[in-house]
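# Understanding the architecture of this molecule
The primary structure of each chain is shown beneath.
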Amino acid sequence: MNTTLVPLNNSEADMGFIIHEEMVAFGEVTHIQVAGEMYVTVGVQKAKLTTEDIRFLGGKLRQALQKYARYTTATIDFGILHSSCNYLEIDEVVTAFVEGWHLGGYAFLTYKKEQPKKEVRLQFESATYEVAVKQGEIRAEAVSVARDLCNEPANKLTPAVYVDTLQQLFHQTAVSVEIIETDQLIARGFEPTAIVGAGSQYPPKVAILTLKNNDTKHIALVGKGVTFDSGGTNVKTGSNIGEMKMDMGGSAAVVGAMKLLADSNSPVYVTAILPLVTNVAGKDSYLPSDVLTYRNGLTVEVGNTDAEGRLVLADGILYAQEMGADTIIDIATLTGTIGQALGLKTAGIFSNQEDNLWSYKTLGEQTGDYVWPMPITSDYQTYIDSNTADVNNMSTSPFGGAITAAVFLQNFVEEDKKWIHIDMANTVRPWKEEGYYVTGAAGFGVRLLAEIVRSEISCIAGR
């Protein structure tokens, strides 16, 4: 059965049925039958609708329709929706709605015996929307890829399976995939990554993804790919340790961003570096007090094996510079303290060029991947001083953990390089399951990374 989706902004509108005042409230969904015709209305009344609001409405409607077996298709007049936010371009509205619609229908059912997911097909009258619709589908698919990766159980997404998945995902696309195997890591300069993953039965690897559609500026994305984090020798004791299967959320965001950029045929030159390890205790595990030596000669004393993410990120950052990247963006589920600072909806973003941070905040608001500018307080270097090595991976202070982690990483960034660091430990799951956010991973960072990359290219082109 088909239903017509009706955005409501005014209770006085003539829609052929009575509209009660509460029906126009933002996000309010109402099911109506008139003379055998089915309508599902959604309130859009708000001071100013944003593209994120429209994504929310798309997801909300999709979830509302999936609850009823009788709905198989839904028809929407995008013109009516656009009339409530005509300060936006119609293509923006269409893309955002379609993106939210598909993400609202997402479900991770790979290991369910029964597959209860129900498809509801979205129909629209004008062929002029096809390009915008396609872009919404591309964006939703990229986020869904990141969600899928994060939702996989630890025994199903090992480093070896991860690299196989990447090779399949980017087969016959513009993205090339290089895998640095376990026995090559030390020779290729990834000794710290090899050491961090040595305690696991699942050997560590590094994946290098390259998309070269432009020669203007080389940008590197570095994603933390810890497929499970028990804390290593400093074993975690929390009751929800199963959440640590998502400790590769940064790498998933990078993979999704690469897919989004490739599928959109964006004119960019991007290399993604993904150190993939499982951090568990074993007979070959690295230990507190161990000293790791990086490719640039910097030495790190291991103060805590549960601060492993920054160890492998440093490897990726150094490799990005060796490859000649002009801008390096890393993203990771790095510290629990970022959630204590910002809650569960907004990730922290740091940079050695702080003037740009507010523009990234704006991009986060536009994409729905919210970030808030954080400081890199260089004085905190004293907290990670080491008597044995050049630096320690663990702070001596219980305060400002997200900042000291960023300070640690800055030790590996050359002065002439632009560097952006995103700590998304608090946003790997949605802060609230509503709109287009459903059970499981949020897919955070995919759209934000893609837009930051595009903005970096635009800055160069505009000079």
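Residues numbered from 1 in each chain as written. Predicted model: local features only at pLDDT ≥ 70, side-chain atom pairs only at ≥ 80, totals over all residues. Heavy atoms only, no water.

## Some remarks on the sheet that holds strand S2 (residues 29-34)
- What the five strands build is an open sheet, ordered S2-S3-S1-S4-S5; its pairing is mixed. Strands at the two margins of the open sheet, each flanked by one partner only, are S2 and strand S5 (121-124). When the angles between neighbouring strand axes are averaged without regard to direction, this sheet yields 30 degrees.
- As defined by bridge partners, strand S1 (residues 2-8) adjoins strand S3 (residues 37-43) across five bridges and the pair is classed as parallel. Note on S3: the bridge partner recorded for leucine 5 is valine 40.
- Sitting on the sheet, helix H1 (residues 51-66) touches S1, S2, S3 and strand S4 (73-76), and the angle it makes with S3 is about 140 degrees.
- Strands S1, S4 and S5 of the sheet are contacted by helix H3 (residues 90-104), whose axis makes an angle of about 160 degrees with S5. (Pairing = 2+ DSSP bridges. Helix = DSSP H or I, 4+ residues; strand = E, 2+ residues; numbered from the N terminus. Axes fitted to C-alpha atoms, helices over the stretch in contact; angles between N-to-C directions. Contact = heavy atoms within 4.5 Å.)

## Here's the deal with the layout of surface pockets
- The calculated volume of the largest pocket comes to roughly 710 Å³.
- Contributing to the lining of the largest pocket are 32 residues, with Leu334, Thr335, Gly336, Thr337 and Ala425 lying nearest its centre.
- Secondary-structure elements contributing two or more residues to the lining of the largest pocket are helix H8 (309-322), helix H9 (337-342) and helix H11 (401-410).
- For the lining of the largest pocket, the residue count by class is 11 nonpolar, 12 polar and nine charged. (1 Å grid on protein atoms, 1.4 Å probe; cavity = no way out; pocket = protein on both sides within 12 Å on 5 of 7 lines; lining within 4 Å. Points joined across faces, edges and corners; volume = space filled by probe spheres on them. Nonpolar A, V, L, I, M, F, W, Y, C, P; charged D, E, K, R; others polar.)

## Section: helix H10 (residues 357-367)
- Those residues of H10 lying buried are Leu357, Tyr360, Lys361, Leu363, Gly364 and Thr367. All buried residues of H10 lie within an arc of 160 degrees about the axis, which places them on one face of the element.
- Directly beyond the C-terminal end of H10, a positive phi value near 90 degrees is found at glycine 368. (Buried < 20%, exposed > 50% of the residue type's maximum accessible area, 1.4 Å probe, protein only. Arc of directions from axis to C-beta.)

## Thoughts on the packing of aromatic side chains
- Applying the stated criterion across every chain, the model contains 15 aromatic pairs.
- Ring geometry for phenylalanine 408 against phenylalanine 412: centres 5.3 Å apart, planes inclined by 55 degrees, an arrangement best described as tilted.
- Under the relative-accessibility criterion, phenylalanine 412 is labelled buried at 2%.
- Feature note: the residues Phe78, Phe97, Trp101, Phe124 and Tyr129 constitute an aromatic cluster, connected by ring pairs.
- The aromatic ring of phenylalanine 26 is capped on one face by lysine 46, whose charged end is 4.6 Å from the ring centroid.
- The ring of tyrosine 87 has lysine 48 sitting right over it, with the charged end atom 5.1 Å from the ring centre. (Phe/Tyr/Trp six-rings, centres within 6.5 Å; stacked < 30°, edge-to-face > 60°. Lys NZ or Arg CZ within 6 Å of the ring centre and 35° of its normal.)

## Topic: the environment of isoleucine 19
- With respect to the helices and strands, the residue isoleucine 19 is situated in the loop between S1 and S2.
- Classification of isoleucine 19 as buried rests on a relative accessible area of 10%.
- For the pair formed by isoleucine 19 and valine 206, sequence separation is 187 residues and the distance between their alpha carbons is 57 Å.
- Excluding residues within four positions of it along the chain, isoleucine 19 makes contact with Leu8, Asn10, Ser11, Ala13 and Val24.

## Re the sheet that holds strand S12 (residues 299-301)
- Spatial strand order, S11-S12-S16: three strands in an open sheet with mixed pairing. The open sheet has two edge strands, strand S11 (291-293) and strand S16 (391-392), and neither has a second partner.
- With three bridges connecting them, S11 and S12 associate as antiparallel partners. Each bridged residue has a counterpart across the sheet, and for valine 291 the counterpart in S12 is glutamate 301.

## Things to note about the nonpolar core
- Core analysis: the largest hydrophobic core is formed by 61 residues, its most contacted members being Leu221, Met258 and Ile422.
- Examining the composition of this core, we find that nine residues originate from one element, helix H7 (residues 249-263), more than from any other.
- Look past the residues within four positions of leucine 221 in its chain and what remains in contact with it is Val254, Ala257, Met258, Val270, Thr271, Ala272, Ile273, Ile329, Leu449 and Val453.
- Residues Leu311, Ala325, Ala402 and Ala406 belong to the second largest nonpolar core, which totals 46 residues. (Core = buried A, V, L, I, M, F, W, Y, C linked by side-chain atoms within 4.5 Å.)

Geometric descriptors of this kind do not, in isolation, establish any biological role.
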